[in-house]
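# Notes for the structure review
Residues per chain are reported as follows:
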Amino acid sequence: MATVQCERKKHFFDDTKYDRCPYCPVDDVAPPDLKGTQDLKSARSGSTPTEPAFQSTAAAGGGRNPGNPGVTISVPRKSMGIDPVVGWLVCIAGPDKGRDYRLHSDRNKIGRSPNMDVFIEGDDTISRENHAQLVYSARSKTFSVVPGDGRNLIYLNDADVFTPQPLNPYDVIELGQTKLMFIPFCGERFDWAAEDAKQKAEAAAKSGS
């Protein structure tokens, strides 16, 4: 496996499997001839939805580095080699309306900085770093929204959020001028760790027959 690092958000990925970073949304990746020579925003011609999770793309990796012993690696990433998608946020109101954001296991930090897991570029009322967090626990198979370090409050279905709150499908999180609808993928009906264990068991059964 040849591991390389993308220039957009410093994700690591296997370039023998992917021709571009599988963790960055499609509209976050500048064409090769524009990288390093032109501002990404000016390089965009419009917002393009990301591909379905069942193709070769996955959740944003949050800059996690499998080669850096000082950086925590999530359990799904450690077992699978990538940090797979567990759900999405879709912007339904605000400057980035119509854009989607992939979510990975553990903590997904939300902010305006490019190194955030959920990078909301157009809303200046959102803090650059860790305005809020969306958390997926692979152990309990649950999602939660957690207040971050942002000065402005966040809201869940129009209610104030002061402590971690559980998330349900199609809940709406409001930060500044932005509203994000939550769409889960993992949970009781599907989980990457369980699916991985199932496939390994099936392979072992076939090899033993």
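Now for a description of the structure that goes with this document. (Residues numbered from 1 in each chain as written. Predicted model: local features only at pLDDT ≥ 70, side-chain atom pairs only at ≥ 80, totals over all residues. Heavy atoms only, no water.)

## Side note on the packing of aromatic side chains
As enumerated under the stated definition, the model contains six aromatic pairs in all. A ring pair is formed by Phe185 and Phe190, whose centres lie 5.0 Å apart and whose planes are at 40 degrees; its orientation type is tilted. Three or more aromatic residues joined by ring pairs form one cluster here, namely Trp88, Phe185, Phe190 and Trp192. (Phe/Tyr/Trp six-rings, centres within 6.5 Å; stacked < 30°, edge-to-face > 60°.)

## Thoughts on the environment of Ile110
Its location among the elements puts Ile110 in strand S5 (residues 106–111). Considered as a pair, Ile110 and His131 are 21 residues apart in the sequence and their alpha carbons are 5.7 Å apart. (Helix = DSSP H or I, 4+ residues; strand = E, 2+ residues; numbered from the N terminus.)

## A look at the sheet that holds strand S4 (residues 100–103)
Within the open sheet, the six strands sit side by side as S4-S3-S13-S12-S9-S10. Their pairing is antiparallel. Edge strands, defined here as strands with exactly one partner in the open sheet, are S4 and strand S10 (159–161). Going across the sheet, the axis of each strand differs from the next one's by a mean of 30 degrees, ignoring polarity. In terms of strand pairing, strand S3 (residues 87–93) meets S4 through four bridges, oriented antiparallel. Among the inter-strand pairings, Leu89 is bridged to a residue of S4, identified as Tyr101. (Pairing = 2+ DSSP bridges. Axes fitted to C-alpha atoms, helices over the stretch in contact; angles between N-to-C directions.)

Such coordinate-based values are descriptive only and should not be taken to indicate function.
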